[in-house]
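# Close look at the chain arrangement
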Amino acid sequence: MTIDYSIENVSVNKSFGGWHKQYSHHAKTLNCNMRFAIYLPPQASNDEKVPVLYWLSGLTCTDENFMQKAGAQRIAAELGIAIVAPDTSPRGNDVADDDSYDLGQGAGFYVNATQTPWSRHYQMYDYVVNELPQLIESTFPVSNKRAISGHSMGGHGALTIAMLNPDRYSSMSAFSPINNPMDCPWGRKAFTAYLGKDKKTWRNHDASELMRQAEQFIPARVDQGGADDFLVEQLKPEALAAAAKASGYPLELHLHEGYDHSYYFISSFIEEHLRFHASHLKK
């Protein structure tokens, strides 16, 4: 597929010697206009291409939540890592939507929808894996060394995308991911709508299923707050831990007592995640 790399700058802010920038562009895989944010550390220049951490956000979020709340720029500037944050779904008046917060716009779940009316726009897997990195690597001073991370729905996306594409990412991590969406309300609702009722088609988008069956491993870190309101019903980290034990997957799973599902939690441990990824991106 030929990609049109024309992009429009929306905003720019200097941060820790680097630049946070927002852009809009027409995404061919999604058949709509999309916005993404990129943080370019001070090391990024015509003479030095830097590696990229792709960040996938959670339900109801946009590209702005992580960039404004996580406090990642200071460490990214020190480590010389670019950060790219796409939106969480297709957007627009002609894009299918739902009245609930956990389906439709803001809730793309990082899958390629096969069911109408969603299939016309909701191809977030292809966008994150193929179109967006091609655009980023052809436009900015970045290399093809990639890591991926995310939160909640985005944590689900980061883990599943990395395990389905182990040759594309040096490492993966997640905060409070939806670990077993086949067996939680958020996942069952979204997968039924986007992928249909045949649960066999769901398995490639369930981190616990993929980790249990994995034969090719990449370094993985997951952090979970013990006071997370969604812990028991929606997130199910115990399913991911059991899957890692079954396959021998190199998973670091950290439980932090007292922390909830918010960006207060993410900002508390984002430095550890960035240093984790840096150690693998620079190998």
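Residues numbered from 1 in each chain as written. Predicted model: local features only at pLDDT ≥ 70, side-chain atom pairs only at ≥ 80, totals over all residues. Heavy atoms only, no water.

Turning next to the pattern of salt bridges. Taken as a whole, this structure holds twelve salt bridges when the rule is applied. Between Arg 275 and Glu 78 there is a salt bridge; the shortest N-O distance is 3.0 Å. Of the two residues, Arg 275 is situated in helix α9 (residues 263-281) and Glu 78 in helix α2 (residues 73-79); the sequence distance between them amounts to 197 residues. The residue Asp 183 makes a salt bridge to Arg 188 at a minimum N-O spacing of 3.6 Å. Take Arg 188: its relative accessible area is 32%, and that puts it in the partly exposed class. What emerges from the salt-bridge pattern is a single network uniting Arg 74, Glu 78, Glu 271 and Arg 275. (Salt bridge = Lys/Arg side-chain N within 4 Å of Asp/Glu carboxyl O. Helix = DSSP H or I, 4+ residues; strand = E, 2+ residues; numbered from the N terminus. Buried < 20%, exposed > 50% of the residue type's maximum accessible area, 1.4 Å probe, protein only.)

With that settled, consider the pairing of strand β8 (residues 220-225). Among the six residues in β8, six count as buried, and that is most of the element. Covered by surrounding structure in β8 are Ala 220, Val 222 and Gln 224 together with Arg 221, Asp 223 and Gly 225, the residues of both alternating faces. Here strand β7 (residues 172-175) runs beside β8; their pairing, made up of four bridges, is parallel. Paired with Ala 174 across the two strands is Val 222, which belongs to β8. In this structure, β8 lies alongside strand β9 (residues 251-256), joined through six bridges in parallel fashion. Bridge pairing links Gly 225 to His 256 in β9. (Pairing = 2+ DSSP bridges.)

Let us look at the packing of aromatic side chains. Within the structure shown, the criterion is met by 16 aromatic pairs. Taken together, a centroid distance of 5.1 Å and an interplanar angle of 70° make the contact between Tyr 259 and Phe 269 edge-to-face. Of this pair, Tyr 259 sits in the loop between β9 and α9 while Phe 269 sits in helix α9; the two residues are ten residues apart in sequence, bridging distant segments of the chain. Note on Phe 269: relative accessible area 12%, which makes it buried. Taking the centre distance of 5.7 Å and the plane angle of 65° together, the rings of Phe 265 and Phe 269 count as edge-to-face. You can see Phe 265 and its partner Phe 269 sitting in helix α9, four residues apart, about one turn around the helix. Judged on exposure class, the residue Phe 265 and its partner Phe 269 are both buried. Here a set of aromatic residues connected by ring pairs shows up, and it is made of Trp 55, Phe 66, Phe 175, Tyr 259, Phe 265 and Phe 269. (Phe/Tyr/Trp six-rings, centres within 6.5 Å; stacked < 30°, edge-to-face > 60°.)

As a C-alpha pair, Phe 269 and Ala 70 span 199 residues in sequence and 9.1 Å in three-dimensional space. In this structure Phe 269 touches Phe 175, Asp 223, His 256 and Tyr 259, once residues within four positions along its chain are discounted. (Contact = heavy atoms within 4.5 Å.)

A separate point is the environment of Leu 164. With respect to the helices and strands, Leu 164 occurs in helix α4 (residues 153-164). When near neighbours in sequence (up to four residues on either side) are disregarded, Leu 164 contacts Tyr 125, Asn 204 and Leu 210.

Before going further, it helps to spend a moment on the nonpolar core. Within the largest apolar cluster, 69 residues are counted, with the highest numbers of intra-cluster contacts made by Ile 136, Ile 148, Met 172 and Tyr 194. It is helix α3 (residues 124-139) that contributes the most residues to this core, eight residues altogether. Formed by 25 residues, the second largest nonpolar core is a distinct cluster that contains Tyr 263, Phe 269, Leu 274 and Leu 281. (Core = buried A, V, L, I, M, F, W, Y, C linked by side-chain atoms within 4.5 Å.)

Here we come to the UniProt feature "active site" (unreviewed entry) in the protein. What UniProt calls "active site" (unreviewed entry) maps, in this numbering, to Ser 152, Asp 228 and His 261. In summary, the annotated positions, though distributed over 110 residues, converge in three dimensions, the widest C-alpha pair being only 10.9 Å. Of note, Asp 228 is situated in the loop between β8 and α7 (231-235). The residues touching Asp 228, leaving out its near neighbours within four places in the chain, are Ser 176, Leu 235, Tyr 259, Asp 260 and His 261. Structurally, His 261 is set in the loop between β9 and α9. His 261 sits in the buried class, given a relative accessible area of 15%. Ignoring anything within four residues of it in the chain, the contact list for His 261 reads His 151, Ser 152, Ser 176, Asp 228, Phe 230 and Leu 235. (UniProt positions renumbered as here; feature names shortened; annotations may be inferred.)

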